[in-house]
Every structure is written in C-alpha cells, then in structure tokens.
Amino acid sequence: MYGKCLMIQGTASSVGKSVLCSAFLRIMKQDGLKAAPFKAQNMSLNSFVTRDGLEMGRAQVTQAQAAGLEPEACMNPVLLKPTGDRRSQVIVEGKAIGNMTAMEYHQYKPALRKRIREIYETLESKVDCVVIEGAGSPAEINLRDGDIVNMSMAQAADAPVLLVGDIDLGGVFASLLGTVMLLTEEERKRVKGILINKFRGDVKILEPGLRMLEDRIHIPVLGVVPWMDVELEDEDSATERFRRQSGSGDIEVAVVKLRHISNFTDFQSLALQPGCRLRYAEKAGDLEHADLIVIPGTKNTIEDLMDLRKRGLDQAIIRHARSGKMVFGICGGYQMLGNRLRDPDHTESGIPETPGLGLLDMDVVFEKEKRTVQASGRIACSSGWPAQHNGLALDGYEIHAGRNTTGPEAVPWLQIQGRTDGIMNPRGNVMGTYLHGLFDDGQWFAAVASQIRALRGDSAQPSAPLSFEAFREKEFDRIAAIVRSSVDMDAIYRIIRGEAVPCASELPR
C-alpha cells in the first residue's frame, strides 16, 4: 500500500519542478495509481478555467492532464496574478477576491492556512497519492513565517520531500548544500532525496560530486535527469520561448510581447502547427516580415496598450493591417484593437479611458466581475473569407472583465451559444476573440494559413493540422520515460511508503 503524498521542492524558481511533477504523475498513472497534483499557491498569468467556471494555474492543469484527471481548482487553491510590480489579483478556490499589495497578502496568508489544509485533505482522500509542488525555494528564510507553499505545506500534509537542483544554471552543489543548511532541523528531516535536473553530458563525471554531496548532507541522490526539450505549457513568463523562434514553415507569426502578457500558452500549440514559424516581437522592427501579427492576452490591457505606443509597436501594427496583412487579437489583445477602452471602476488600472488601435469598430468597457467559463463556438460569418469555414467548431475558455459594444463596421465571425464573441473588419484581415485555446486543435490556424497564402498568391498545399491534445499525450509519455530511466523510482515509491532510503556511501560494498 502506497503512502498518500510526495512533495517536490527546488533550490530556486524555474529549476524544473513543474515538469518533474508532470513526469511523476504520468509514471504513477502508468503504474496503475490514481495520483493528483497540488500546489497551495501559484503565481502566474497563465491560467485556465475549469468546467465549473473556476480559475486555476496552468501548471496544475498540465499536471492533472498528465495524471489523466480533469483539472479542478482544488489542485491550486490560491493563484496570484500580478497586476504590477507590487500588487497582485488574489484568486482563492477559483474566484478572484480582490487586489492586494505584497504586504497586504503577507498579512492575509495566515487566514489561508487552515482552508488550504482542508482542501488538500479532501483531495488526498480521493486518490492514491498527491504529488505536491513547492514554489521558489524553501530556503527563503525571510519568508518562512508566512510560508504556505513549501515546508509549511509539507508539514501540513506530512509529506516526504524531494529537493531538485538545476545543474544548467551552474553551482548546483552549492545551491543544494546551501538550501539544506538553511532549513531547520525538523525541515531537513523531511528531505528524503535529492534530484539533479537539466544535466547535459556524461553522468560519470558527476559521480564524485554526488558522493561528496551525500557525505555532507546525508541525503541520498536519487537521480540525475538529463536536459529535456519539453513542449508542454509553461507555468509563467520565466520561459526561454520569448527569446527564440519556434517551429518552421512558410507562415511567419509574430506574437507581440506585452509587458504583462498572459495565457501565452495559446501559442505553444500554434508553434507546433505545420507551416508555422513563430517568434515574440518586442520592437517595431520585429514585426516587419510577419505574415500574421497576434496581440495576446494581458492582465493590464490599458497599461500595455500605452506601453505599445511608447515602443512604436502600435503604428507598426496599424501599418501592417492597412497593408492588407492579418492581425489577430485574443482577449486583452482583442480589446486593444477597438476604438476606445473605458475603465470607469478602475478594474485594471488608474486610467479611466484611452483610445484603442482603431482597427475594429467596437468600444470596450471594463467591469468589476470577470467572466470565467469554458466555451464552445462555431464560425458563423455572413461574408468574407471565414464564411467558407462556417460551422467549424472552436473550443476553449474565456477569462476577461470587458464588455464590447460594436459599431456598423464590425462583422461577426464567431458565435458562442448564440452570442457574438468575435468580430472582424469588413476587409477580413483584422480579427479578434475572447476565446483562449482556439488554436489547440490546429483547424483554425489551418484556415488562417490558407487565407494568408491566398492573399500572397501562394498555391502551396497545407499540411494536416496537429492536435495539441494528442501531441501533449505523447509528450507526457516521453518525459515519463526519460525520468523513469534516470531516477530510482523504486526508492521514490519506498519514500512515499515511509521507508528509509540510505545514501550510496552507507550501502555495503
């Protein structure tokens, strides 16, 4: 009989905790266990809406999918969505409760502890094992008193901990040793194993260092995980994707890199589509050769629109659209395409009103309540090129606080449950929608790519679209196989059962 939980903590942010959790959850699923993810607190602008209309962090969505479970908000009870350098929207059990400064939230956290524990215990009672993810590092000693996500959570769940270090960053032995030294004696007892992640090279070169590390901290090293080029959705904006081109093909897509970009997971599936070559644009020159410009979602629509103007990106987008090339906006990017944006209740910023890019005939008013819902729509266009795709289903989810009022030049192209969700200009080259995830099955990008090719007189035949869901399943199995072959899973299962695992130096020779 297995124990009920395993916790993955790291020496820092972005050491690969989220991906390793996904891998362990897929391994447990393959081994016949019902396992579920859990992260008490997540900070990210990449979020998702569950079937019951609740919001949660994208990392735990991916982990639930790896485990073969439907994502539920109980897997991520607290989500922080930064609205600026010092404030975040606080989402508890899937519902936004308001914006708080860092100090206000620090003072509020003790009230969350009991509720988080209750949510965890309910989840734990329904599964064979919970894989718990920490956040950042447990060695942030200035934050220990307010901790709800690292060692405090391990204690609440009575969880054994695996500590992960990222060797690709450099200094992995110092970071692992230093983290363990900064833990209290009770916290150190919870750390049952060490994992070194993102290694490139021959493990034999590491072995002397591994033994020396074990001799100093008396915790076994249970595996060295090689570097994995993982094409799963990113947890937050600490990603290499913003700095490199993804995919290959004849259609160049430039996604505008907004300051507060959110839900850019929309484009990880897009980058995998046949014919798509995707990159992120930070300056006007980056848009020059694009076939399609995409303006993504943002937590701060008005502020990010003003930032576009400072960088000269607004005029580059307008020139692109007026030349007849395609511009597509999603959520906040959709709102920017309108004539005017109003925020009378200061829902998003202290700026009550600002002109939009004027590329779509609509005005936007921000409201206090967010719309969070999974949605299924269909192309329904009375004229223009999308009409040839009428009836094509587009599935996804909505997370927004805006309400649109359209003018006579607005042409509806997407209907969701009898209401217009997306509009375009009469020319059909500027379009927008609130629907996140519409590129995931590849059908809509295939339609857009065909139109781009038609505009430039290209007769190239499109390749079959790729389903991101099917790709994701293969990716889960791939990373599970890599992790299974590079860590001691037998030892990890013993740790979950509460059994002792010795260091290599303690074994008889």
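Structure's up top.
The rules behind the values
Residues numbered from 1 in each chain as written. Predicted model: local features only at pLDDT ≥ 70, side-chain atom pairs only at ≥ 80, totals over all residues. Heavy atoms only, no water. Helix = DSSP H or I, 4+ residues; strand = E, 2+ residues; numbered from the N terminus. Rg over C-alpha atoms; globule rule 2.2 N^0.38 Å. Buried < 20%, exposed > 50% of the residue type's maximum accessible area, 1.4 Å probe, protein only. Contact = heavy atoms within 4.5 Å. Areas by Shrake-Rupley, 256 points an atom, 1.4 Å probe, with all protein chains shown as cover. Lys, Arg positive; Asp, Glu negative; His and termini not counted. Charge placed at Lys NZ, Arg CZ, Asp CG, Glu CD. Salt bridge = Lys/Arg side-chain N within 4 Å of Asp/Glu carboxyl O. Pairing = 2+ DSSP bridges. Axes fitted to C-alpha atoms, helices over the stretch in contact; angles between N-to-C directions. Expected span 1.5 Å × (residues − 1). Polar contact = N/O pair within 3.5 Å; in protein donor to acceptor, adjacent residues only side chain to side chain. Phe/Tyr/Trp six-rings, centres within 6.5 Å; stacked < 30°, edge-to-face > 60°. Lys NZ or Arg CZ within 6 Å of the ring centre and 35° of its normal. Right-handed = clockwise from strand over helix to strand, strands pointing away. 1 Å grid on protein atoms, 1.4 Å probe; cavity = no way out; pocket = protein on both sides within 12 Å on 5 of 7 lines; lining within 4 Å. Points joined across faces, edges and corners; volume = space filled by probe spheres on them. Nonpolar A, V, L, I, M, F, W, Y, C, P; charged D, E, K, R; others polar. Parallel < 35°, antiparallel > 145°, perpendicular 65-115°, else oblique.

### Section: the overall build of the protein
Right, on to step 1. Looking only at helices and strands, the protein features 14 helices and 26 strands.
Right, on to step 2. For 509 residues, the compact-globule estimate of 2.2 N^0.38 gives 23 Å, and the C-alpha radius of gyration of the protein, at 24 Å, lies within 12% of that figure.
Right, on to step 3. If you line up the protein on its principal axes, its C-alpha atoms span 80 × 50 × 40 Å.
Right, on to step 4. Considering the protein as a whole, with its 509 residues, one finds that 57% of them fall into the buried category.
Right, on to step 5. In the protein, of all internal contacts separated by at least 6 residues, the share reaching a separation of at least 24 is 74%.
Right, on to step 6. Surface accessibility of the protein: about 20800 Å² in total, with carbon and sulfur atoms responsible for 49%.
Right, on to step 7. The positive charge centre, built from 61 side chains, and the negative charge centre, built from 67, are 1 Å apart in the protein.

### Brief notes about the pattern of salt bridges
Right, on to step 1. Counted by the stated rule, this structure contains 35 salt bridges.
Right, on to step 2. For Arg484, the salt bridge is made with Asp31, and the minimal N-O distance between the two is 3.0 Å. Of this pair, Arg484 sits in helix 13 (residues 468-486) while Asp31 sits in the loop between helix 1 (17-30) and strand 2 (35-38), and the two are 453 residues apart along the sequence.
Right, on to step 3. Linking Arg342 and Glu353 is a salt bridge whose minimum nitrogen-to-oxygen distance equals 3.6 Å. On the criterion of sequence distance, the pair formed by Arg342 in strand 20 (residues 340-342) and Glu353 in strand 21 (residues 353-355) is long-range, its members being eleven residues apart.
Right, on to step 4. Under the relative-accessibility criterion, Arg342 is labelled partly exposed at 30%.

### Thoughts on the sheet that holds strand 6 (residues 78-82)
Right, on to step 1. Reading across the sheet, the four strands line up as 3-6-7-8 and stay open at both edges, with mixed pairing between neighbours. Since the sheet does not close on itself, it has two edges, and those belong to strand 3 (41-43) and strand 8 (95-101), each with one partner. When strand polarity is set aside, the average angle formed by the axes of neighbouring strands in this sheet is 25°.
Right, on to step 2. Docked against the sheet, helix 3 (residues 102-124) engages strand 3, strand 6, strand 7 (87-92) and strand 8, running at close to 140° with respect to strand 8.

### Remarks on helix 7 (residues 203-217)
Right, on to step 1. With 15 residues, helix 7 extends 20 Å from end C-alpha to end C-alpha; this agrees with the ideal 21 Å at 1.5 Å per step.
Right, on to step 2. If you check which residues of helix 7 are buried, you get Leu206, Gly209, Leu210, Leu213, Glu214 and Ile217.
Right, on to step 3. Where helix 7 is buried, its residues touch helix 5 (172-182), strand 11 (191-199) and strand 12 (221-226).
Right, on to step 4. Measuring from the backbone nitrogen of Lys204 back to the side-chain oxygen at the start of helix 7 gives 2.9 Å, which picks out Asp202 as the cap.
Right, on to step 5. Downstream of helix 7 by one or two residues, His218 has phi in the positive range, about 55°.

### Details of the packing of aromatic side chains
Right, on to step 1. Inspection of every chain in the model, using the stated rule, returns nine aromatic pairs.
Right, on to step 2. Both rings, one in Phe328 and one in Phe439, keep their centres 5.9 Å apart while their planes meet at 55°; by these two values the pair is tilted. Placement of the pair is Phe328 in strand 19 (residues 326-330) and Phe439 in the loop between strand 26 (430-433) and helix 12 (443-455), with a sequence separation of 111 residues. Both residues of the pair, Phe328 and Phe439, belong to the buried class.
Right, on to step 3. Note on Tyr334 and Tyr434: the rings are 5.0 Å apart at their centroids and 70° apart in plane angle, and the pair reads as edge-to-face. Of the two residues, Tyr334 is situated in helix 11 (residues 332-336) and Tyr434 in the loop between strand 26 and helix 12; the sequence distance between them amounts to 100 residues.
Right, on to step 4. Aromatic rings pair up to connect Phe328, Trp385, Trp413, Phe439 and Trp444 into one cluster.
Right, on to step 5. Over the face of the ring belonging to Trp227 we find Arg200, whose NZ or CZ atom lies 3.8 Å from the ring centre.

### Remarks on the environment of Asn404
Right, on to step 1. Turning to its location among the elements, Asn404 is positioned in strand 23 (residues 393-406).
Right, on to step 2. Separated by 316 residues in sequence, Asn404 and Ser88 have C-alpha atoms that sit 25 Å apart.
Right, on to step 3. Apart from residues lying up to four places away in sequence, Asn404 is in contact with Tyr334, Met362, Asp363, Val364 and Tyr434.
Right, on to step 4. Engagement of the side chain of Asn404 in a polar contact is seen with the side chain of Tyr334, the distance being 3.4 Å.
Right, on to step 5. A polar atom in the side chain of Asn404 sits 2.6 Å from the side chain of Tyr434.

### Examining the pairing of strand 12
Regular strands place their side chains on alternate faces of the sheet.
Right, on to step 1. Burial within strand 12 is extensive, with five of its six residues counted as buried.
Right, on to step 2. Taken together, the four bridges between strand 11 and strand 12 define a ladder with parallel strand orientation. Bridged to Ile194 within strand 12 is Val221.
Right, on to step 3. What joins strand 11 to strand 12 is helix 7, and the crossover it makes is right-handed.

### Overview of the pairing of strand 6
Right, on to step 1. Counting buried residues in strand 6 gives four out of five residues, a clear majority hidden from the surface.
Right, on to step 2. Alignment of strand 3 against strand 6, held across three bridges, turns out to be parallel. Each bridged residue has a counterpart across the sheet, and for Gln41 the counterpart in strand 6 is Val78.
Right, on to step 3. As judged from the five bridges shared by strand 6 and strand 7, these two strands associate in the antiparallel manner. Among the inter-strand pairings, Leu80 is bridged to a residue of strand 7, identified as Val90.

### Some details on the layout of surface pockets
Right, on to step 1. What the second largest pocket holds in volume is close to 840 Å³.
Right, on to step 2. Lining the second largest pocket are 30 residues, and of these Phe48, Gln65, Asp440, Glu469 and Arg472 lie nearest its centre.
Right, on to step 3. Listed by contribution, the elements that provide at least two residues to the lining of the second largest pocket are helix 1, helix 2 (58-67), strand 22 (362-379), strand 23 and helix 13.
Right, on to step 4. Here the lining of the second largest pocket is composed, by residue class, of nine nonpolar, eight polar and 13 charged.

### Some words on the packing of helix 1 against helix 13
A pair of packed helices can be characterised by two numbers: the angle between their axes and the separation between those axes.
Right, on to step 1. It is at 8 Å that the axes of helix 1 and helix 13 come closest, and there the two elements cross at 90°. Of the possible angle classes, the one that applies to helix 1 and helix 13 is roughly perpendicular. Each of Val19, Leu20, Ser22, Ala23, Phe24, Arg26, Ile27 and Gln30 in helix 1 lies in contact with helix 13, whose residues at this interface are Glu473, Phe476, Asp477, Ile479, Ala480, Val483 and Arg484.
Right, on to step 2. Each residue belonging to the contact of helix 1 with helix 13 can be placed in one class, and the counts come to nine nonpolar, two polar and four charged.

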